[in-house]
Amino acid sequence: MGSASKRLGFWLVFSIVYADIGTSIFYVSGLLWGSIGDLSTLAILLSTGVFISIARKYVSISERCPDGGGVVSIATAAFPNLPAVALVGGAMISIDYFLTSAISSVSGINYLKTLLGFSGGTVLVLTLGVMALLMLLNVVGLKESATVTAVMAVAMLVVNLAIIAMTSIKLTMSGSWGLLWHNVLHPGDHATITSGALLVGYADTWLAYSGLESGAQIAGAMKMPVRKTASIGMWLVVASISFISPLLTAFSSFMLPRDVKAANTDAFISYLAQAVGGRPLMILTVVSAALLLTMACNTAIVGNYHVNLRLVSAGFLPPVLAKRNMKFGTPHFSIALSALVPMVVLILTLGDVAKLGDLYSFGLLGTLVLSSASLDVLRHREKGSRLGFGVGVFTTVCLAVAWILNMVFKWHSLAFGGTLTVVFVGMALSYRGGLLGRLNPAFEPKPATPITHQQIEQMAAAQPKAGRVLTVDEAVELQALERSTVLVALRGPSDRLLRDAAVLAKGLGQGNVYVVYVDEMPGLFFQPVDGPSSEANQVLAQAADGIQKLGLNAIPLWRISNDAAYSIADAAARLDVDALLVGTSKRSAIWTLLRGHIVKGLAEALPEKTRLFICN
């Protein structure tokens, strides 16, 4: 079957999580140097041990919450009688996503600036343009490709390793390793390394590890068993980040002249690449940084609107945020909210990465603290290993210290994040409690979010809107009574396609034809729906009438998937059909780019016995 839709193996998990966490190094090294000077490398080494521990806990969270709910799901499990706790987690991860979108997008443009040399005002305008474009693309239905992310992550990894290798060669040839380590252990900006300075630095360094939550968010797309997939993928990420992040921070702090560092804190790695590898390595670094930071921005937008949908399902947010666009099937209001808030933040901060980094810490560390503490509560309740529980509690305390330090020393982070959290939680509790009942109808919470498209289909099949269609599972069960070896895939009305299918079925001596329509749900994050879209019902009803007029019976099938080609091929395999008929593609080049090439995907994914007929 098509690899894009298979459950994610550990290499793809590694790539996706590494792409999210690894992009942080592009802006964190400069932010840290601007905040604590040459102490940055020592501070980031100090936090690495805690990072390893919390990463291990996220493997357990992925295993316990395979629905991809992350902090919301683990907090719900730990505090089932206190729904407000999960709501606070949802608020903080939303704040984290808002700031991730803002800081990733502006950092990507800042890296382009090192090559193209445009002004700061142009950076802000271009960043807002990128955010607006991503919002529109997601409304149309941008198909998140794990394979593309994997390729880009590997490219970034190679570029980072090339920078490290060339810097190491240069240090060896100049005999400067001793000076480098002296600079790390005896920072020039701090004649005496005080515990206070180290604590502030330790709190700041957590920006280097932002993106951990992405591992838990994609748990629903992982191959089973989730624990093995998440564990191997996460340990690869931990090893890579623990090696690359401190080294690039140390190298850039030591190798770059002070005036260059002071003037370019937004793009340290670009100038480090130029210093050790010349213009070609700088260009490779800028291209990989700009593309991956833009992808990280889009992942944050997607992640945030799925958090919104989850909170709608829990009855905390009004159903309007889950309303899907009639044409594209995407939750356009939630997508707009997820992109417009970061755009407002960018305008208010004028795209200042340092200010964005300060605001970032509240949601990031708050999410990590709540996730870690929730897992501790569950482990205590289960009375498992005392050692494991003790290490987990120590990790939570270390994260809480970093969170508190950030709130104390960066009051604007507390003001921004705290205000948004209070407003978010207050409005959500008021809505759920019925205080906003005049504005919104009474809401009955839905069941927990399923983790596969098949489970989504099964749940949706029980809804009234699915009364006239079958899932593939139902069609398989009915094969003893009604079946066919001819399958027609429709995207819209097509009398010619139905006539061709009828002729083929009659030639085979059959009285039935399978007709399938796929509602596409782009992305890796699966969400429940209330049944087939109105377009799906309309197309299948028209097809049933058309087939009946040709003297045959139609068996209407409905599917939902992030990959229409894979979903159709899977239906063909499970129904054991001999022929699949599709129309010539009416998708524009842009639509094909966003949602994939159906015919090409089918050619790759169909069983060998199934013949593909393309009808004009």
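Residues numbered from 1 in each chain as written. Predicted model: local features only at pLDDT ≥ 70, side-chain atom pairs only at ≥ 80, totals over all residues. Heavy atoms only, no water.

Visitor: So what's going on with the packing of helix H15 (residues 353-382) against helix H16 (residues 386-409)? Which residues, and what values?
Guide: Where H15 meets H16, the closest approach of the two axes is 9 Å, and the angle between their N-to-C directions is 155 degrees. Classified by the angle between their axes, H15 and H16 sit roughly antiparallel to one another. When the axes of H15 and H16 are compared, the crossing they make is left-handed. Listed contacts from H16 to Ser361, Phe362, Leu365, Gly366, Leu368, Val369, Ser372, Ala373, Asp376, Arg379 and His380 of H15 are Gly388, Phe389, Gly392, Val393, Thr395, Thr396, Leu399, Ala400, Ala402, Trp403, Asn406 and Met407. By residue class, the composition of the contact of H15 with H16 is 12 nonpolar, nine polar and two charged. (Axes fitted to C-alpha atoms, helices over the stretch in contact; angles between N-to-C directions. Helix = DSSP H or I, 4+ residues; strand = E, 2+ residues; numbered from the N terminus. Parallel < 35°, antiparallel > 145°, perpendicular 65-115°, else oblique. Left-handed = near helix turned anticlockwise from the far one by under 90°. Contact = heavy atoms within 4.5 Å. Nonpolar A, V, L, I, M, F, W, Y, C, P; charged D, E, K, R; others polar.)

Visitor: So what about the pairing of strand E1 (residues 486-489)? Which residues, and what values?
Guide: Burial along E1 is two-sided: Val486 and Val488 facing one way and Leu487 and Ala489 facing the other are all buried. Crossover connection from E1 via helix H20 (residues 495-507) to parallel strand E2 (residues 512-520): handedness right-handed. (Buried < 20%, exposed > 50% of the residue type's maximum accessible area, 1.4 Å probe, protein only. Right-handed = clockwise from strand over helix to strand, strands pointing away.)

Visitor: Any details on the confidence of the model for the chain? Residues and values, ideally.
Guide: For the chain, per-residue confidence averages 79 on the pLDDT scale, and 80% of positions sit at 70 or higher. Note that pLDDT drops below 50 for residues 438-450; the model gives that stretch 25 contacts with residues more than four away or on any other chain. Of the regions scoring below 50 in pLDDT, residues 588-595 engages in 19 contacts with residues more than four places distant in sequence or in other chains. (pLDDT = per-residue confidence, 0-100.)

Visitor: Explain the environment of serine 174 residue by residue, including any values.
Guide: Note on placement: serine 174 falls in helix H7 (residues 146-174). Of the polar contacts made by the side chain of serine 174, one reaches the backbone oxygen of leucine 171; its length is 3.3 Å. (Polar contact = N/O pair within 3.5 Å; in protein donor to acceptor, adjacent residues only side chain to side chain.)

Visitor: Tell me about the pairing of strand E4 (residues 579-583), residues and numbers included.
Guide: Burial runs high along E4: four of the five residues are buried. Where E1 lies against E4, three bridges are found, and the strand directions are parallel. Across the sheet, the residue bridging to valine 488 is leucine 581, located in E4. Where E4 lies against strand E5 (residues 611-615), five bridges are found, and the strand directions are parallel. Looking at E5, one finds that alanine 579 is bridged to arginine 611. (Pairing = 2+ DSSP bridges.)

Visitor: Tell me about helix H13 (residues 268-313), and name the residues and values.
Guide: For H13, spanning 46 residues, the distance from its first C-alpha to its last is only 43 Å, which falls clearly below the expected 68 Å at 1.5 Å a residue. Its maximal kink placed at glycine 277, H13 deviates by approximately 145 degrees, while the proline proline 280 follows within four residues. H13 sits mainly inside the fold: 33 of its 46 residues count as buried. Positioned one or two residues after H13, glycine 315 has a phi angle of 85 degrees, which is positive. (Expected span 1.5 Å × (residues − 1). Bend = angle between axes of the 7 residues up to and from the residue.)

Visitor: Lay out the environment of valine 302 in plain terms, naming residues and giving numbers.
Guide: When you line up the elements, valine 302 lands in helix H13. Under the relative-accessibility criterion, valine 302 is labelled buried at 1%.

Visitor: I'd like a description of the packing of aromatic side chains, backed by residues and values.
Guide: Applying the stated rule across the entire model yields five aromatic pairs. Between tryptophan 177 and tryptophan 181, the aromatic rings sit 6.3 Å apart at their centres with planes inclined by 20 degrees, giving stacked as the arrangement. With a gap of four residues between them, tryptophan 177 and tryptophan 181 both fall in helix H8 (residues 177-185), about one helical turn apart. We classify tryptophan 181 as partly exposed; its relative accessible area is 41%. A centroid spacing of 6.0 Å and a plane angle of 65 degrees characterise the contact between tryptophan 177 and phenylalanine 251, whose relative ring orientation is edge-to-face. Pair noted here: tryptophan 177 is in helix H8 and phenylalanine 251 is in helix H11 (residues 226-255), with a separation of 74 residues, a long-range link. A residue is classified by how much of its surface remains accessible, and tryptophan 177, at 26% relative accessible area, is partly exposed. A residue is classified by how much of its surface remains accessible, and phenylalanine 251, at 0% relative accessible area, is buried. Following the ring pairs from residue to residue traces out a cluster consisting of Trp177, Trp181 and Phe251. (Phe/Tyr/Trp six-rings, centres within 6.5 Å; stacked < 30°, edge-to-face > 60°.)

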